[in-house]
Amino acid sequence: RKVALLQGVEVYKGIHQAPFPIGNCGGNGLCGTCVMEIVEGLENLSPKNFREQKNFRLRGKPENYRLSCQCQVMGDVVCITAPALDAQPASAAKS
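Everything in this summary refers to the structure shown in the same document.

Here is what the cut-offs are and how they apply
- Residues numbered from 1 in each chain as written.
- Predicted model: local features only at pLDDT ≥ 70, side-chain atom pairs only at ≥ 80, totals over all residues.
- Heavy atoms only, no water.
- Salt bridge = Lys/Arg side-chain N within 4 Å of Asp/Glu carboxyl O.
- Helix = DSSP H or I, 4+ residues; strand = E, 2+ residues; numbered from the N terminus.
- Buried < 20%, exposed > 50% of the residue type's maximum accessible area, 1.4 Å probe, protein only.
- Polar contact = N/O pair within 3.5 Å; in protein donor to acceptor, adjacent residues only side chain to side chain.
- Contact = heavy atoms within 4.5 Å.

### A short note on the pattern of salt bridges
Opposite charge on two side chains makes pairing possible when the charged atoms of those side chains draw close.
Reasoning step 1: Scanning the model with the defined rule gives two salt bridges in all.
Reasoning step 2: Residue K48 is joined to E63 by a salt bridge in which the shortest nitrogen-to-oxygen separation is 3.7 Å. Here E63 lies in the loop between α2 (50–54) and β2 (65–67) and K48 lies in the loop between β1 (35–40) and α2, a separation of 15 residues in the sequence.
Reasoning step 3: You can call K48 partly exposed: its relative accessible area is 23%.

In structure tokens, the structure reads:
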């Protein structure tokens with residue numbers, strides 16, 4: 001499903017306005033329920049902040065896993081949200 005977000009908007013806020021199924025972390029970057037896998041456009045997101053760097057749900061995950069409540073859109077991005085990640089990882093979906 002495609003969602004258009006304005007540049008500079010936090011992914012979490014934009015997706016919730018869509019509405020689109022994603023975790024309900026409240027935007028504090030503490031619980032990690034809004035984790036998403038960036039499939040394309042990682043360079044079009046703001047850099048990881050301190051909360052993302054320290055979040056337990058991202059430990060051991062590749063750099064393309066981000067918290068939607070902590071990153072801002074700066075260009076085109078394709079991602080897989082937490083509910084879809086729970087159902088099937090992107091690597092399996094691409095096979």
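### Some words on the side chain of N44
Reasoning step 1: Within the fold, N44 resides in the loop between β1 and α2.
Reasoning step 2: Among the polar contacts listed, one links the side chain of N44 to the backbone oxygen of D76, at a separation of 2.8 Å.
Reasoning step 3: Not counting chain neighbours up to four residues away, the residues in contact with N44 comprise Q72, V73, M74, G75, D76 and V77.

### Overview of the environment of M74
Reasoning step 1: Tracing the sequence through the fold places M74 in the loop between β2 and β3 (78–81).
Reasoning step 2: Measuring from C-alpha to C-alpha, the distance between M74 and E43 comes to 8.4 Å, with 31 residues separating the pair along the chain.
Reasoning step 3: When residues no more than four places from it in sequence are discounted, the contact partners of M74 are Q7, G8, N44, L45 and S46.

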